[in-house]
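The lines below spell out each chain.
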Amino acid sequence: MKTNDYVKYITQTFVKYIDQPKDIRKKQKHEKKETKEPFLYHWFGVIPYAVITMLKRRK
């Protein structure tokens with residue numbers, strides 16, 4: 001992708017975002033936060049998540 005095409009794409013995306021009403025932008029941001037994976041699972045995979053689950057079961 002050439003630089004000019006990239007700048008055009010970024011500009012179109014930005015304008016599309018700005019043209020949306022504020023409440024729709026807030027709703028999308030909130031939905032994105034809700035669907036986000038837990039921190040450990042996102043950065044380190046399933047192994048730390050499994051270890052924590054095993055430790056919780058022992059207690």
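Caption draft 1: Fine view of the overall build of the protein chain. Per the secondary structure count, the protein chain includes four helices and zero strands. Scanning the protein chain from its N terminus toward the C terminus, one meets helices and strands in the order α-α-α-α. For a compact globule of 59 residues, the expected C-alpha radius of gyration is about 10 Å, and the protein chain comes in at 20 Å, more than 25% above that figure. Viewed in the frame of its principal axes, the protein chain has a C-alpha envelope of about 55 × 35 × 10 Å. The burial tally for the protein chain puts 0% of its 59 residues in the buried class. For the protein chain, the accessible area works out to roughly 6,300 Å², and carbon and sulfur atoms hold 61% of it. Between the averaged position of the 15 positive side-chain charges in the protein chain and that of its 6 negative side-chain charges there is a distance of 9 Å.

Caption draft 2: Layout of the packing of aromatic side chains. Going through the model one piece at a time under the given rule, you end up with zero aromatic pairs. Arg 25 extends its terminal NZ or CZ atom over the ring of Tyr 17, reaching a point 5.4 Å from the ring centre.

Caption draft 3: Main features of a nonpolar patch on the surface. The grouping of Phe 39, Leu 40, Trp 43, Phe 44 and Ile 52 at the surface amounts to a nonpolar patch, some 560 Å² of accessible area in total. No other element matches helix 3 (residues 39-44), which puts four residues into the nonpolar patch. Structurally, the position occupied by Phe 44 is in helix 3. Among the residues examined, Phe 44 registers a relative accessible area of 52% and is labelled exposed.

Rules used in this analysis
- For every chain, the first residue of its written sequence is number 1, and the numbers climb from 1 along that sequence.
- Totals for whole chains, interfaces and linings use every residue, but because this is a predicted model, local features are given only for residues with pLDDT of at least 70 and side-chain atom pairs only at 80 or more, for both listing and counting.
- Only hydrogens and water are removed before side-chain values are computed, so all heavy atoms of the structure are retained for them.
- Note on conventions: DSSP H or I runs of at least 4 residues are helices, E runs of at least 2 residues are strands, and numbering of each starts at the N terminus.
- To get the radius of gyration, use the C-alpha atoms; to get the globule rule, take the number of residues to the power 0.38 and multiply by 2.2 Å.
- For each residue, the accessible area found with a 1.4 Å probe, counting protein chains only, is set against the maximum for its type, and the residue is called buried under 20%, exposed over 50%, and partly exposed in between.
- With residues, only the protein chains shown are counted as cover, and all accessible areas are computed by Shrake-Rupley using a 1.4 Å probe.
- Lys and Arg are tallied as positive, Asp and Glu as negative. Neither His nor the chain termini are counted.
- One atom stands in for each charge, and that atom is NZ of Lys, CZ of Arg, CG of Asp or CD of Glu.
- Pairing of aromatic rings covers Phe, Tyr and Trp, the last through its six-membered ring, and needs centres within 6.5 Å; plane angles under 30 degrees mean stacked, over 60 mean edge-to-face, and all others mean tilted.
- The rule is short: NZ of Lys or CZ of Arg within 6 Å of the ring centre and within 35 degrees of the ring normal puts a charge over the ring.
- In this analysis, a patch consists of residues with relative accessible area above 30% that form no salt bridge, clustered at 9 Å for like charges and at 5 Å for the nonpolar side chains Val, Leu, Ile, Met, Phe, Trp and Tyr.
- The working definition used for a salt bridge is a side-chain nitrogen of Lys or Arg within 4 Å of a carboxyl oxygen of Asp or Glu.

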